[in-house]
Amino acid sequence: MAGPALRQLHAHRAIHDASLGGAEDHVADMKTLLNKLEHKELAEEMQSFIEYVEQRILTHADSEEEDNGLYEEAVNKNPDLHDKVQHLTRDHDLMRIMIERMKEELARDEVDFQKLIDYSVSIIIVDEIHSRDEESFLLAE
């Protein structure tokens, strides 16, 4: 069963906003390091971003998707939400895919740092749209 914070709009929104804000801070730092051509520090910051997304955003996503989690509860209460929940789950999958691609790129001999920043920004965009949709579809005021 989903915890109380996952079922309350104001608490759930606060979780989303805090995670997004932290991710945006990482990206701002990455852009600064890229402009300064500080590649070693940039690679470390990108690794930190990956860990942040995994720990804050994707762990949250996992809890929503688990058995008796928010998504299952929502569909059980209102079967008409099935397709919307499938779309929300796909958003999570897209973020997971981008994180895996970032890991692969960071493991290369010649890293394309701009590509990694692009993935990072894309994760933030997907997560922001996803968060507002989730709040709108599944949580009442």
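The rules behind the values
Residues numbered from 1 in each chain as written. Predicted model: local features only at pLDDT ≥ 70, side-chain atom pairs only at ≥ 80, totals over all residues. Heavy atoms only, no water. Helix = DSSP H or I, 4+ residues; strand = E, 2+ residues; numbered from the N terminus. Expected span 1.5 Å × (residues − 1). Buried < 20%, exposed > 50% of the residue type's maximum accessible area, 1.4 Å probe, protein only. Contact = heavy atoms within 4.5 Å. Core = buried A, V, L, I, M, F, W, Y, C linked by side-chain atoms within 4.5 Å.

So, on to helix α5 (residues 82–106). Between its terminal C-alpha atoms α5 stretches 36 Å, which fits the 36 Å expected from 25 residues at 1.5 Å a residue. Among the residues of α5, V85, L88, T89, D91, H92, M95, M98, I99, M102, E105 and L106 are the ones counted as buried. Where the residues of α5 are buried, they touch α3 (39–65), α4 (70–77) and α6 (113–138).

This part takes up the nonpolar core. Most often, soluble globular proteins keep nonpolar side chains buried together rather than apart. In terms of nonpolar packing, the biggest core is built from 26 residues, with M46, F49, M102 and I123 touching the most fellow members. Of all the secondary-structure elements, those providing two or more residues to this core are α2 (9–35), α3, α5 and α6. Of the residues forming this core, the biggest block, eight residues, is contributed by α3. When residues no more than four places from it in sequence are discounted, the contact partners of I123 are F49, V53, M95, M98, I99 and M102. Formed by 10 residues, the second largest nonpolar core is a distinct cluster that contains L9, L81, V85 and L88.

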